[in-house]
Amino acid sequence: MTDLDHLRACYGDLRADSAPGVDGVGKEEYGDNLESNLEELSGRLRRLGYRPQPDKRAYIRKPGTNKQRPLGMLCFEDKLVALGLAGVLEQIYEADFLESSYGYRPGRTQHQALDQLGRTIQQRKVNYVVEADIKGFFDHLNQKWLIEFLKHRIGDERVLRLVVRMLKSGVMEEGLVKASDEGVPQGGNLSPLLSNVYLHYTLDLWFEKRFKRRCRGEAYYFRFADDFLACFQHREEAERFLKEMKARLAEFHLEIEPSKTKLLEFGGFAEERTGRRSQKPETFDFLGFTHYCGQTRQGRFKVKRRTASKKYSRETERGEGMASTRAQPDKERRALAPSQTETCWAFELLRHH
């Protein structure tokens, strides 16, 4: 984490066109005295003298609504430290994260999640789907629980203290700085990984090690960041999941967004069953696509998808005449070789919580 070569590599990976934070310093300005800046930063990290600056916050409108969502802008040096810390933590947690988790992980993409979801519904005994969304997850994630989760795998107090300082750095909004015991700094490289750690314990392990084992029928679960859904063979188990999942999240200070959470009949036999009731099979949205029941040319059941209406609205709002800007791609980090996962601590956590 404090190694100069590591910090130098992180500097090279960061984009030069990202918005500056409260100090107004960008990549070019920081690079004017790069070596001295990195040496000084490395020294502060070693002696625990590094203090992150507040997250500069702005708001942008959510596509298709009148609501706004927060957009965080970290100082360049904070982005540098966050990227370096994320790289260290990633090597630990990639060995632990489950196959059901797809978001913000090396070598795992949105399209892989969509393809696996489609294959599961088509090839397995899936008759019901529960789609869910966590209300304001990145703003309401409980920091105390997050640190407790990290302590199960991180023994270095310096790393834990650095994470705490980044969580407690506060938010600057309209010139005023305010701190919070909730949420993670949005806009940084570290936030997605910390969010995955939080949901790994609160949802992923709970479903795989506890809930699924009590199902008499088939059950499957997919998560991308804070969007997730579960597929079931039997309706009663889908209903039980919906109820117990809400209670599980409440234990960790989270709640479901009711307007984006529902149980629906979906799968190879859904069209036949709903047709008997003079109805059509329902649809669900996941990762920007609306999924619906369809057929191949041979008359076989197939999960089909189209661009969700909100995503379509976002694309059309940009306007055909606007110049397209593409972010400079970050350098791909080397794929991590997963090691043997140690699960005894996970079972212990599940037993007590």
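Residues numbered from 1 in each chain as written. Predicted model: local features only at pLDDT ≥ 70, side-chain atom pairs only at ≥ 80, totals over all residues. Heavy atoms only, no water.

Trainee: In this structure, what is going on with the packing of helix α3 (residues 34–46) against helix α4 (residues 76–93)? I would like to understand it.
Mentor: The geometry of a pair of packed helices is captured by two quantities: the angle between their axes and the separation between those axes. It is the contact of α3 with α4, at a shortest axis distance of 12 Å, that shows an interaxial angle of 60 degrees. In terms of axis orientation, α3 runs oblique to α4. Note on packing geometry: the crossing formed by α3 with α4 is right-handed. Contacts between α3 and α4 involve L38, L41, R44 and L45 from the first element and E77, L80 and V81 from the second. Class assignment of the residues belonging to the contact of α3 with α4 gives a composition of five nonpolar, no polar and two charged. (Axes fitted to C-alpha atoms, helices over the stretch in contact; angles between N-to-C directions. Helix = DSSP H or I, 4+ residues; strand = E, 2+ residues; numbered from the N terminus. Parallel < 35°, antiparallel > 145°, perpendicular 65-115°, else oblique. Left-handed = near helix turned anticlockwise from the far one by under 90°. Contact = heavy atoms within 4.5 Å. Nonpolar A, V, L, I, M, F, W, Y, C, P; charged D, E, K, R; others polar.)

Trainee: What is the right way to look at the packing of helix α1 (residues 4–13) against α3 in this model?
Mentor: Relative orientation of the contacting elements α1 and α3 amounts to 120 degrees, with a least axis distance of 10 Å. By the angle between their axes, α1 is oblique relative to α3. Classified by chirality, the crossing of α3 by α1 is right-handed. Residues L4, L7, R8 and Y11 of α1 touch α3, and the partners they reach there are L34, E35, L38, E39, L41, S42 and L45.

Trainee: Which parts of the structure should I look at to understand a positive patch on the surface?
Mentor: There is a patch of like positive charges on the surface, built from K62, K67, R69, K135 and K260. Assignment of secondary structure puts K67 in the loop between β1 (55–61) and β2 (68–73). (Patch = residues over 30% accessible without salt bridge, like charges linked within 9 Å, V, L, I, M, F, W, Y side chains within 5 Å. Areas by Shrake-Rupley, 256 points an atom, 1.4 Å probe, with all protein chains shown as cover. Salt bridge = Lys/Arg side-chain N within 4 Å of Asp/Glu carboxyl O. Lys, Arg positive; Asp, Glu negative; His and termini not counted. Charge placed at Lys NZ, Arg CZ, Asp CG, Glu CD.)

Trainee: Quick question: what am I supposed to make of empty space enclosed by the protein here?
Mentor: In this approach, a probe sized like a water molecule rolls over the atoms, and the result shows the empty space that is left. Inspection of the entire model under this criterion finds three cavities of 30 Å³ or more. The computed volume of the largest cavity comes to approximately 120 Å³. What lines the largest cavity is a set of 17 residues, and nearest its centre among them are L74, A82, M166, S169 and P185. Looking at the lining of the largest cavity, the elements with two or more residues in it are α4, α8 (157–167) and α9 (191–211). Residue composition of the lining of the largest cavity, by class: 11 nonpolar, four polar and two charged. Space inside the second largest cavity adds up to approximately 40 Å³. (1 Å grid on protein atoms, 1.4 Å probe; cavity = no way out; pocket = protein on both sides within 12 Å on 5 of 7 lines; lining within 4 Å. Points joined across faces, edges and corners; volume = space filled by probe spheres on them.)

Trainee: How should I be thinking about the nonpolar core in this particular structure?
Mentor: Counting 67 residues, the largest nonpolar core has L150, F228, F241 and M245 as the members making the most contacts within it. Counting residues per element, this core draws most heavily on α9, which supplies 11 residues. By size, the runner-up hydrophobic cluster in this structure holds 22 residues, among which are A113, L114, C231 and F286. (Core = buried A, V, L, I, M, F, W, Y, C linked by side-chain atoms within 4.5 Å. Buried < 20%, exposed > 50% of the residue type's maximum accessible area, 1.4 Å probe, protein only.)

Trainee: Would you take a moment to explain the sheet that holds strand β5 (residues 176–178) for this structure?
Mentor: To summarise the sheet geometry, strands pair through backbone hydrogen bonds and adopt either a parallel or an antiparallel arrangement. Pairing is mixed across the open sheet formed by four strands, whose spatial order is β2-β1-β4-β5. On the outer flanks of this sheet lie β2 and β5, each paired with one strand and no other. Between one strand axis and the next, the sheet turns by 40 degrees as a mean value, whatever way the strands run. Alignment of β1 against β2, held across six bridges, turns out to be antiparallel. Across the sheet, the residue bridging to A58 is L71, located in β2. (Pairing = 2+ DSSP bridges.)

Trainee: Got a minute to help me understand the pattern of salt bridges in this structure?
Mentor: Any two side chains of opposite charge can pair, so long as their charged atoms come close to each other. One pass over the structure, following the stated rule, counts 19 salt bridges. The partner of D96 in a salt bridge is R153, with the nearest N and O atoms 2.5 Å apart. Here D96 is found in the loop between α4 and α5 (110–123), whereas its partner R153 is found in the loop between α7 (143–151) and α8, with 57 residues between them in sequence. Look at R153 and you get partly exposed, because its relative accessible area is 25%. Put simply, R235 and E239 hold a salt bridge, and the shortest N to O gap is 3.1 Å. One end of the pair, R235, and the other, E239, are both in helix α10 (residues 235–251), four residues apart, so they sit about a helical turn from each other. Taking the relative accessible area as the measure of exposure, R235 reaches 37% and is therefore partly exposed. Residue class for E239 comes out partly exposed when judged on its relative accessible area of 42%. Residues participating in the shared-partner salt-bridge network are D5, R8 and E35.

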